[in-house]
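This is what each chain is made of:
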Amino acid sequence: MPIPYNQRTCYCGEAGAHLAGQTAILVGWVQSYRDHGGMVFIDLRDRTGLVQIKFNPETDPIAHQTAGKLRAEFCVAVRGDVAMRPEGLANPNLSTGAIEVNGREVEILSTSATPVFEVEDEIETNEETRLKYRYLDLRRTPMREALMTRHRICKTIRDYFDEQGFVEIETPFLTKSTPEGARDYLVPSRVHPGMVFALPQSPQLFKQLLMISGFDKYMQIVRCFRDEDLRADRQPEFTQLDMEMSFVQAEDVQRVIEGCMSRVMRVVHDIDIPTPFPRMTYEDAMRDYGIDRPDTRYELKIRDVSEAARGVDFRVFAEPLAAGGAVRCIVVPGGAQMTRKETDTLTEDLKGIGAGGLPLVKVGAGQDGKPVFETGIAKFFTPESTAAVSAASGAKPGDLILFAADTVANVCKYLGWLRETIARRRGMIPANLWNFLWVVDFPMFEFNTEDGRFYAVHHPFTAPRDEDIGKLENDPGSCRAKAYDVVLNGIELGGGSIRIHRADVQERVFDLLQLTPEEQQLKFRFLLEALRYGPPPHGGIALGIDRMVMLLTGASSLRDTFSFPKTQRAYCPLTEAPGPVAQSQLDELYLRLSLPPSKG
Ligand code: ASP
C-alpha cells in the first residue's frame, strides 16, 4: 500500500514527545543510514531538521528489507510509531532527540544518484560545484537557515511598513536607465527595432513619480540590476528594501528605518538596539576613520599630525605636505610588541592597494619616561619632533605609530584600510556588538580628475542642503547633500536622500553634471515633465537586503544569502546562464553579433 505522503503528520524536525504513542507519517530525504546488528537506523531530513527512524527485522521484516536499500538523499515516506527513546539514549543535540520512530512501512518515492558532495553543515567543496548543484547545497542546514532568516527578515519588514501605513507598489523591470553609478543590463526590443530597455539599477525615478501621484508612503522589496565590475561582494541582481515618503525631512526617513531595524533585530537576534542611531558627518567620518562607513566597534582613530610632521626632516613627509597633502597616523595601543613579520605583511598588503610604503615607529620610554621613537623611520625624528608627533597622536610608550603621507584622499584610503585590517588581524573587534550609525551631510559632487568633470556622489536626484543651493554653480565641490547612509558594523547597509522636487533645481544639477539640454530631454523628459505637476517635497532610502541577511546570519559570503546566485564572474553554473541564443532570436531583435576574435 502506498503511504499517503500528502497526509504527513508533521515536519521531521517538529516530531517530539507530544506525538509519543501515536502513528505518524513522515516524508523527507535520507541524511544517514546505519546498520546496528540487524537494526537499521536512518536520519530523515526535511527543511526543519532531522528525526531518527528505526527499522526492526523481527517486528517489521518488509519495512526493514526496504530500509536496507535506502541510500543518502533518497526521497522517502515513512509510517511509524513514535516512541520516547529509552533512558540514557536521548540525543540532546537533536531537536527531536527525545523520541524515535519505529518504522512500520517505508516507501521509496525516488532514488538519488550519489550526491557530488555530502549534505553536511561543513563541506570543503569548491563554490562552483556548490552552485552547479545548488539544489543539493540548499539542503544543507546553514544554507537552509540563511534562506529561512531571509524570509523572516522580509516578512518582518513588510509587516512593519504595513503598520506604518506604507503601500507596497511594484515598479517596472523593463524600463529606461536609472543612473546609480553602474552599467545597465539591456534588453533589446523586438517591437521597436534598434531600441532597448534597461533593467532598473533601482526604482528611484518610479518611486519619485509615485510621490507625485500622491502615494505618500511607498515601499517595495525589489530586485535591482547592476552590471558592475566584478567585486567579491556584489551580485548582478540583488534585492533592496526601497522606500520613499512625502512631506518629510531626513530625520523622518531615518526614524522609520530605525524602527524597522529595531524590529528586525528583535525578531532575528532577540535584542533591543538603542535608537536613535548615532549621527556622524561625512567630514568627521573621513577625518577620524578614513572611510564613509566607519566601524565604530573599536577605536584606532586616525590622528592628523601634519603640523607636527612639518618639523621632521623626512622627504616622504615633506613632499606631500608641500603639495597640500597630509600626514596622518594610527596609534596601535601596545603595538610595539608587533613582530617584524606582522608589520612587513601589513606593508606589503598596503602596497597592494597603492601605497608606496608604510612608515612606522615603535614608541619606547626615555629615561625621563617621555616617548622615544625606535625602529622604522625613528632616525628622522629630533627630540622636539618626537614630542610634537607624540602629543598630536596621543601615542604612549609601548604603542606603534603607523603613518600615511600623501594626498588627503590617499591618506584616508590607506589609514582606513589599515584600521580595519589591524582590528581584524589583532582580534580587536568585540563580538555581539551591533553598531548602527548614520553618516550624514555627504558632498553632492565628486570631481573626477581623469575626465575633469563632476559626478553625483549619491545620484543626480539628491537635493543640496538649502544653504548650499547658491553654491551649485560657483563652488559645487563644497556643496553638501541632504543624503544619509545607514552603516552597521562598518558595512553600508543602505543610503538615501531628500530629493530635488523643483524642476529648475533639477535642471541646474543636470547642467552641472554636463548633461546637455538635449540629453536631459532624452533621458529624463518624463521626470522634468512630472516635476511641473505639483511635486511634493519627498525623500527616501534603500537598504540592501542581501547584505542585511549576510550580517545578521554571520554568512561569510553574500552568495550564501541568495537562493541561486551568480559566481564572481556573473555566471550561473547551474543553468549555464548567460548562454547562446538561436540565430532566429537574434534576427527577430535585429541584432548582429560582432565578437572579439577569441570568443568568435
Ligand atoms: N535609489 C537609491 C539606491 O539604490 C536609494 C535611494 O536614494 O533611495 O541606492
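See above for the structure.
Here is a short report on the structure shown in this document. (Residues numbered from 1 in each chain as written. Predicted model: local features only at pLDDT ≥ 70, side-chain atom pairs only at ≥ 80, totals over all residues. Heavy atoms only, no water.)

### So, the overall build of the chain
This is how it is decided: In this text, helices come from DSSP runs of H or I with a minimum length of four residues, and strands from runs of E with a minimum of two, each type numbered from the N-terminal end. Three exposure classes are used, based on accessible area relative to the maximum for each residue type with a 1.4 Å probe and protein chains only: buried under 20%, partly exposed in between, and exposed over 50%. Any two residues whose heavy atoms approach within 4.5 Å are treated as being in contact. Accessible surface is estimated by sampling points in the Shrake-Rupley manner with a 1.4 Å probe; for residues, cover comes only from the protein chains shown. Charge counting follows a simple rule: Lys and Arg are positive, Asp and Glu are negative, and His as well as the terminal groups are ignored. For charged residues, the charge sits on one atom: NZ in Lys, CZ in Arg, CG in Asp, CD in Glu.
What the chain contains, in helices and strands, is 16 helices and 22 strands. If one aligns the C-alpha atoms of the chain with their principal axes, the spans along those axes are about 90 × 75 × 55 Å. The proportion of buried residues among the 600 residues of the chain is 47%. Of the contacts made within the chain by residues no fewer than 6 positions apart, 66% connect residues no fewer than 24 positions apart. Of the roughly 30000 Å² that the chain leaves accessible, carbon and sulfur atoms contribute 52%. Looking at charge distribution, the chain has the averaged site of its 70 positive side-chain charges lying 1 Å from that of its 83 negative ones.

### Observations regarding the sheet that holds strand S16 (residues 400-406)
The line we're drawing: Two strands are counted as paired when DSSP detects at least two bridges linking them. All axes are obtained by fitting lines to C-alpha atoms, using only the stretch in contact for helices, and the reported angles, taken between N-to-C directions, cover 0 to 180 degrees.
Strand order in this open sheet of 5 strands is S12-S13-S16-S14-S15, and the pairing throughout is antiparallel. Both edges of this open sheet fall to strand S12 (302-304) and strand S15 (371-374), since each of them pairs with a single strand only. Sheet twist, expressed as the average angle between the axes of neighbouring strands with direction ignored, equals 35 degrees. Bridge count for strand S13 (residues 326-332) against S16 is 7 bridges, and the pairing is antiparallel. Its bridge partner lying in S16, cysteine 329 is registered against phenylalanine 403. Where helix H9 (residues 315-322) meets the sheet, its contacts fall on S13 and S16, and the angle it forms with S16 comes to roughly 45 degrees.

### Topic: the site of the ligand
The condition is simple: Any residue with a heavy atom positioned within 4 Å of a molecule or strand is treated as near that molecule or strand. Nitrogen and oxygen atoms within 3.5 Å of one another constitute a polar contact, given that in protein one can donate a hydrogen and the other can accept it, and given that sequence-neighbouring residues count only through two side-chain atoms. Just so you know the grouping, Ala, Val, Leu, Ile, Met, Phe, Trp, Tyr, Cys and Pro go in nonpolar, Asp, Glu, Lys and Arg go in charged, and all remaining residues, Gly too, go in polar.
Around the ligand sit 14 residues in total, of which Glu180, Gln204, Lys207, His458 and Arg499 are the nearest. Taking serine 202, its side chain carries an N or O atom lying 3.3 Å from a nitrogen atom of the ligand. Within the side chain of glutamine 204, one N or O atom sits 2.7 Å away from a nitrogen atom of the ligand. Taking 270 Å² as the accessible area of the ligand by itself, protein coverage stands at 93%. Listing elements by their share of the shell around the ligand, those giving two or more residues are helix H5 (204-213), strand S21 (491-498) and strand S22 (538-544). If one sorts the elements of the shell around the ligand by residue count, S22 sits on top with 3 residues. Among the residues forming the shell around the ligand, the class breakdown is 2 nonpolar, 8 polar and 4 charged.

### Quick word on the nonpolar core
Our working rule: Nonpolar cores are built from buried Ala, Val, Leu, Ile, Met, Phe, Trp, Tyr and Cys residues. Side-chain atoms within 4.5 Å join them into one set.
Of all hydrophobic cores here, the largest spans 71 residues; its most connected members are Ile157, Phe161, Met243, Met261 and Phe436. Broken down by element, this core gets its largest block of residues, 9 residues, from helix H6 (residues 250-269). Judged by nonpolar contacts, the second largest core, of 23 residues, contains Val76, Val78, Val82 and Ile99.

### A word on the pairing of strand S4 (residues 75-84)
Pairing between strand S1 (residues 23-36) and S4: 7 bridges, direction antiparallel. Each bridged residue has a counterpart across the sheet, and for leucine 26 the counterpart in S4 is valine 78. With 10 bridges joining them, S4 and strand S5 (residues 99-110) adopt antiparallel strand pairing. Opposite alanine 77, over in S5, you have glutamate 107 as the bridge partner.

### Concerning the side chain of asparagine 489
Checked against the element boundaries, asparagine 489 lands in the loop between strand S20 (483-488) and S21. Within polar-contact distance, the side chain of asparagine 489 engages the backbone nitrogen of asparagine 435 at 2.7 Å.

### Structural notes on the packing of aromatic side chains
Two aromatic rings are characterised by how far apart their centres lie and by the angle between their planes. The cut-off we apply is this: Stacked, edge-to-face and tilted labels apply to pairs of Phe, Tyr and Trp rings (six-membered ring for Trp) whose centres lie within 6.5 Å, assigned for plane angles under 30 degrees, over 60, and everything in between, in that order. Criterion for a charge above a ring: Lys NZ or Arg CZ within 6 Å of the ring centre, and within 35 degrees of the ring normal.
With the rule as written, the count across this model stands at 19 aromatic pairs. Seen in terms of ring centroids, phenylalanine 277 and phenylalanine 436 are 4.7 Å apart; in terms of plane orientation they differ by 20 degrees. Their pairing is stacked. Here the residue phenylalanine 277 occupies a position in the loop between H6 and strand S11 (279-281), and phenylalanine 436 occupies one in strand S17 (residues 436-440), the gap between them amounting to 159 residues. Phenylalanine 436 shares its class with phenylalanine 277; the two are buried. On the numbers, 5.0 Å between centres and 65 degrees between planes, the contact of phenylalanine 314 with phenylalanine 317 is edge-to-face. Owing to a relative accessible area of 0%, phenylalanine 317 belongs among the buried residues under this scheme. Put simply, the rings of Phe314, Phe317, Phe373, Phe380, Phe381 and Phe403 pair up and form one aromatic cluster. Its end group placed over the ring of tyrosine 33, arginine 71 keeps NZ or CZ at 5.4 Å from the ring centre.

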